[in-house]
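Observations on the three-dimensional arrangement
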Amino acid sequence: MGLAALFFPKHCMICEHIIEHRSSHLCVSCASSLYLSTYEYNRIHPMHLQFAPQVVLEVAYSPFINSPYAAQLIQVLHALKYKKQLFAAKVLCALASPQLSAFFERHNFDIIVPVPSHFLKKIKRGYNPAEVLAHEIAKEQGIALGAKLLSQPKRKAIQALNNKHQRTNIQPGTFRAKISQKQKKLHILLIDDVCTTGATMAACYWALKKQGVEKVSFLSLFFTPLEYEVKATRDP
Ligand SMILES: [Zn+2]
């Protein structure tokens with residue numbers, strides 16, 4: 001153990017035990033307990049199935065699945081979402097690296113577009129977690145980032161629907177797309193940090209489609225299946 005590690009020990013961001021490798025943010029035990037969904041290219045991801053048939057995505061994928069057994073995952077997600085620990089995006093992308101690489105090898109995306117947040121929310125928080133993630137993934141995969149293609153001029157107002165597939169809906173006009181003639185031909189990969197009902201993703205999808213975008217896919221770092229809905233991670 002080096003002197004720095006002796007005097008300034010580094011703690012695991014989940015269990016807070018001291019970790020030996022200063023380059024890591026998680027201890028070996030916590031890192032190995034995070035549940036990753038394997039990338040099976042010949043099967044449709046459950047998240048994709050949940051959106052169909054309302055939204056016709058080219059492909060949808062999420063490397064981390066939230067479940068009642070994944071409390072550690074929620075802690076890392078909260079570090080990114082609420083504790084201004086932006087490095088959590090790097091930690092999560094590194095953990096899901098084999099799955100993400102397989103996903104990006106299999107599909108061709110032209111541009112990565114983060115799900116935007118309302119500017120007041122972004123000012124209050126200081127950043128948009130989806131944008132931090134999109135930035136990290138775009139850099140890792142060598143794909144262009146289009147952080148200004150979508151914006152959220154209105155605050156989200158959620159309407160409850162009596163529909164067992166999609167129980168919430170976001171008011172039309174909440175998201176706005178600014179797409180050039182040339183960009184309509186691009187395959188856009190929308191990126192968000194968490195997806196539960198898919199209502200936010202669907203609202204962004206329709207904003208892009210309204211502008212004539214031909215191909216839209218979706219990647220969410222976390223997916224909470226409706227049957228495992230965890231209040232703390234709920235995002236519309
Ligand atoms: Zn730990």
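Residues numbered from 1 in each chain as written. Predicted model: local features only at pLDDT ≥ 70, side-chain atom pairs only at ≥ 80, totals over all residues. Heavy atoms only, no water.

Below, the discussion takes up the overall build of the protein chain. Assigned secondary structure in the protein chain consists of nine helices and 12 strands. Looking at the 236 residues of the protein chain, the share that counts as buried comes to 49%. In the protein chain, 73% of the contacts between residues at least 6 apart in sequence involve partners at least 24 apart. Roughly 12500 Å² of accessible area belongs to the protein chain as shown, and the carbon and sulfur atoms make up 55% of that amount. (Helix = DSSP H or I, 4+ residues; strand = E, 2+ residues; numbered from the N terminus. Buried < 20%, exposed > 50% of the residue type's maximum accessible area, 1.4 Å probe, protein only. Contact = heavy atoms within 4.5 Å. Areas by Shrake-Rupley, 256 points an atom, 1.4 Å probe, with all protein chains shown as cover.)

To continue, consider unusual backbone geometry. Although it is not a glycine, Glu16 sits at a positive phi angle of roughly 70 degrees. On the secondary structure map, Glu16 appears in the loop between strand S1 (10-11) and strand S2 (18-19). Note on Glu16: relative accessible area 59%, which makes it exposed.

At the metal site, the zinc ion is ligated by Cys12 (SG), Cys15 (SG), Cys27 (SG) and Cys30 (SG), and these contacts range over 2.3 Å. Relative to the metal, the four donor atoms surrounding the zinc ion lie at angles of 101 to 117 degrees, and the coordination shape comes out tetrahedral. Coordination of the zinc ion draws on donor residues from a single chain, spaced C-x2-C-x11-C-x2-C in sequence. Taking relative accessible area as the criterion, Cys15 reaches 30% and is therefore assigned partly exposed. (Donors = N, O, S within 2.8 Å, 3.2 Å for Na, K, Ca; no water. Tetrahedral: all angles 85-135°; square planar, octahedral: opposite > 155°, others 65-115°.)

This part takes up the confidence of the model for the protein chain. Per-residue pLDDT for the protein chain has a mean of 83; in total, 85% of the residues score no lower than 70. Here strand S8 (residues 158-160) stands out as the least confident element of the protein chain, with mean pLDDT 58; strand S5 (residues 111-114) is the most confident, with 98. (pLDDT = per-residue confidence, 0-100.)

Phe104, Ile112 and Leu219 are the most contacted members of the largest nonpolar core, which totals 41 residues. For this core, the secondary structure elements donating two or more residues are helix H4 (71-81), helix H5 (87-95), helix H6 (97-106), helix H8 (129-141), strand S11 (187-195) and strand S12 (215-223). Per-domain counts for this core show at least three residues from each of domain 1 (1-33) and domain 2 (34-233). Each residue touching Phe104, except ones within four places of it in the same chain, is listed here: Phe109, Ile112, Ile137, Gln141, Ile143, Leu189 and Leu219. (Core = buried A, V, L, I, M, F, W, Y, C linked by side-chain atoms within 4.5 Å. Domains from an automatic or database assignment.)

We now examine the pattern of salt bridges. Two side chains carrying opposite charge are able to pair once their charged atoms lie near each other. Tallied over the full model, the rule gives five salt bridges. Notably, a salt bridge pairs Lys90 with Glu136, separated by 3.6 Å at the nearest N-O pair. Here Glu136 lies in helix H8 and Lys90 lies in helix H5, a separation of 46 residues in the sequence. What makes Lys90 partly exposed here is its relative accessible area of 45%. One salt-bridge network, held together by shared partners, links Lys90, Glu136 and Lys139. (Salt bridge = Lys/Arg side-chain N within 4 Å of Asp/Glu carboxyl O.)

Our next topic: H5. Among the residues of H5, Ala88, Ala89, Val91, Leu92 and Cys93 are the ones counted as buried. The secondary structure elements touched by the buried residues of H5 are strand S4 (64-65), H4, H6, H8 and S12.

Below, the discussion takes up the pairing of S5. Of the two faces of S5, both are covered, the one formed by Ile111 and Val113 as well as the one formed by Ile112 and Pro114. Of the pairings in the sheet, the one linking S5 to strand S6 (residues 144-145) comprises two bridges and is parallel in character. Bridge pairing in S6 links Ile111 to Ala144. Here S5 runs beside S11; their pairing, made up of four bridges, is parallel. Counterpart to Val113 in the pairing with S11 is Leu190. (Pairing = 2+ DSSP bridges.)

Here we come to a nonpolar patch on the surface. On the surface, Phe119, Leu120 and Ile123 cluster together to form a nonpolar patch covering roughly 330 Å² of accessible area. Examined against the element boundaries, Leu120 turns out to sit in helix H7 (residues 119-125). (Patch = residues over 30% accessible without salt bridge, like charges linked within 9 Å, V, L, I, M, F, W, Y side chains within 5 Å.)

Quick look at a positive patch on the surface now. Taken together, Lys121, Lys124, Arg155 and Lys156 make up a surface patch of like positive charges. One can find Lys121 in helix H7. Residue classification places Lys121 among the partly exposed residues on the basis of a relative accessible area of 40%. (Lys, Arg positive; Asp, Glu negative; His and termini not counted. Charge placed at Lys NZ, Arg CZ, Asp CG, Glu CD.)

Another aspect to go through is the packing of aromatic side chains. Considering all chains together, one arrives at six aromatic pairs under this definition. An angle of 25 degrees between the planes, with centres 5.2 Å apart, marks the rings of Phe64 and Phe222 as stacked. Linking Phe64 in strand S4 with Phe222 in strand S12, this pair joins segments that are 158 residues apart in sequence. For Phe222, a relative accessible area of 0% translates into the label buried. (Phe/Tyr/Trp six-rings, centres within 6.5 Å; stacked < 30°, edge-to-face > 60°.)

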